[in-house]
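# Topology and contacts: notes
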Amino acid sequence: RHSFRRIDSEVIAKRLDYVAEREGLDLTPDASVLLARIAEGSMRDGLSLLDQCSGAGTIDSDAVLSALGLAGSRSVAELLCAVADGDAKRALSVFEELWRQGKDPAALLSELAEVMRDVLILSVAPKGGTQLTSASADPGTLRRFSGRFTDAELLRDMQRIQETLASLRDNPSPRTAVEICLISLCDARLS
């Protein structure tokens with residue numbers, strides 16, 4: 001039995017840069033960092049993700065997000081802002097745009113939960129929490145949401161997202177499930 005440890009994102013990003021150079025792929029530095037973050041410590045996953053993106057001419061962050069069906073930190077921050085403001089109309093509008101762009105609803109909810117997790121980590125461990133964050137959003141974005149949610153709200157919202165994610169596998173209408181989840185995140189009385 002072999003027990004493997006997770007590899008640092010910086011190591012994965014450097015290896016992806018090396019492989020891209022050898023394969024003649026035009027991989028931008030921001031894209032290699034993004035791919036390494038998404039790989040979550042797995043070199044194999046990082047290389048597989050790079051392969052999935054290799055059809056694009058220049059592989060930049062937008063190409064990675066598009067190839068993998070992810071929304072990206074700007075869209076997720078906009079969605080989280082709507083949730084913080086209790087603005088279901090705006091949250092649904094952001095989701096509708098992402099849906100039309102072909103973004104994966106499960107990936108979108110996962111990205112939203114990851115940013116909430118990082119905001120919670122920084123709330124409960126303000127000094128050492130930075131080392132524990134997932135880099136799902138830049139530090140400025142995380143600071144923007146600091147104080148916008150209580151720890152209890154973040155925990156409740158992440159739980160609601162996890163329940164929705166678990167139900168998506170067997171749900172004939174993932175779009176509707178995500179819309180219901182977003183509405184309930186914007187109005188705690190509906191949870």
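Scroll up to find the structure.
Each chain has its residues counted from 1, following the order in which its sequence is written. Only residues with pLDDT of at least 70 get local features here, since the model is predicted, and only at 80 or more are side-chain atom pairs given and counted; chain-wide, interface and lining totals rely on the full set of residues. Side-chain metrics in this entry use all non-hydrogen atoms of the structure; hydrogen atoms and water are not considered.

### Focus: the overall build of the chain
Which entries qualify depends on this criterion: Numbering of helices and strands runs from the N terminus, with a helix taken as a DSSP run of H or I at least four residues long and a strand as a DSSP run of E at least two residues long. The globule rule used here is 2.2 Å times the number of residues to the 0.38 power, and the radius of gyration it is set against is calculated over C-alpha atoms. Each residue is assigned to one of three classes by its accessible area relative to the maximum for its type, calculated with a 1.4 Å probe on protein chains only: buried under 20%, partly exposed between the two thresholds, exposed over 50%. In what follows, a contact means two residues having at least one pair of non-hydrogen atoms within 4.5 Å.
Across its full length, the chain holds ten helices and two strands. Each helix (α) and strand (β) of the chain, taken in turn from the N terminus, gives the series α-β-α-α-β-α-α-α-α-α-α-α. The C-alpha atoms of the chain give a radius of gyration of 17 Å, which matches the 16 Å a tight globule of 191 residues would have. Expressed as lengths along the three principal axes of its C-alpha atoms, the size of the chain is roughly 55 × 40 × 40 Å. By residue count, 40% of the 191 residues in the chain fall in the buried class. Of the contacts formed within the chain by residues at least 6 apart in sequence, a portion of 65% connects residues at least 24 apart.

### Quick notes on the packing of helix 7 (residues 105-124) against helix 10 (residues 174-186)
Selection criterion: Helix axes use the C-alpha atoms of the stretch in contact, all axes being lines fitted to C-alpha atoms, and the angles between their N-to-C directions lie in the range 0 to 180 degrees. An angle below 35 degrees is treated as roughly parallel, one above 145 as roughly antiparallel, one from 65 to 115 as roughly perpendicular, and anything else as oblique.
With their axes 10 Å apart at the nearest point, helix 7 and helix 10 run at an angle of 25 degrees to one another. Between helix 7 and helix 10, the crossing angle belongs to the class labelled roughly parallel. Between helix 7, through Pro105, Leu109 and Leu112, and helix 10, the contact on the second element is made entirely by Pro174, Val178, Cys181, Leu182 and Leu185.

### Focus on the nonpolar core
Note the following rule: What makes a nonpolar core is a set of buried Ala, Val, Leu, Ile, Met, Phe, Trp, Tyr and Cys residues whose side-chain atoms join them at distances within 4.5 Å.
One finds Leu112, Met116 and Ile161 to be the most contacted residues of the largest nonpolar core, which totals 33 residues. Residue assignment for this core shows that the elements contributing at least two residues are helix 5 (73-85), helix 6 (88-100), helix 7, helix 8 (139-145), helix 9 (151-168) and helix 10. Judged by nonpolar contacts, the second largest core, of 18 residues, contains Leu16, Leu34, Ala36 and Leu65.

### Concerning the pattern of salt bridges
Heads up, the rule is: Whenever a carboxyl oxygen of Asp or Glu lies within 4 Å of a side-chain nitrogen of Lys or Arg, that contact is scored as a salt bridge.
Under the counting rule described, the total for this entry stands at eleven salt bridges. With a closest N to O distance of 3.0 Å, Arg156 and Asp157 form a salt bridge. Residue Arg175 is joined to Glu179 by a salt bridge in which the shortest nitrogen-to-oxygen separation is 3.3 Å. One end of the pair, Arg175, and the other, Glu179, are both in helix 10, four residues apart, so they sit about a helical turn from each other. A relative accessible area of 27% means that Arg175 is categorised as partly exposed. Through salt bridges that share partners, Glu96, Glu97, Arg100, Arg175 and Glu179 make up one connected network.

### A closer look at helix 4 (residues 61-68)
Each turn of an α-helix holds 3.6 residues, which means side chains three or four residues apart point in the same direction. Within the sequence span of helix 4, burial applies to Ser61, Ala63, Val64, Leu65 and Leu68. Where helix 4 is buried, its residues touch helix 2 (29-39), helix 3 (43-53) and strand 2 (58-59).

### A word on the environment of Ile180
Summarising the element assignment, Ile180 is placed in helix 10. In this structure Ile180 comes out as partly exposed when scored by relative accessible area, which is 46%. Residues Ile180 and Asp51, spaced 129 residues apart in sequence, show a C-alpha to C-alpha distance of 35 Å.

### Description of the environment of Asp30
Looking at the secondary structure, you find Asp30 in helix 2. Along the backbone, Asp30 and Ser123 are 93 residues apart, and their C-alpha atoms lie at a distance of 27 Å.

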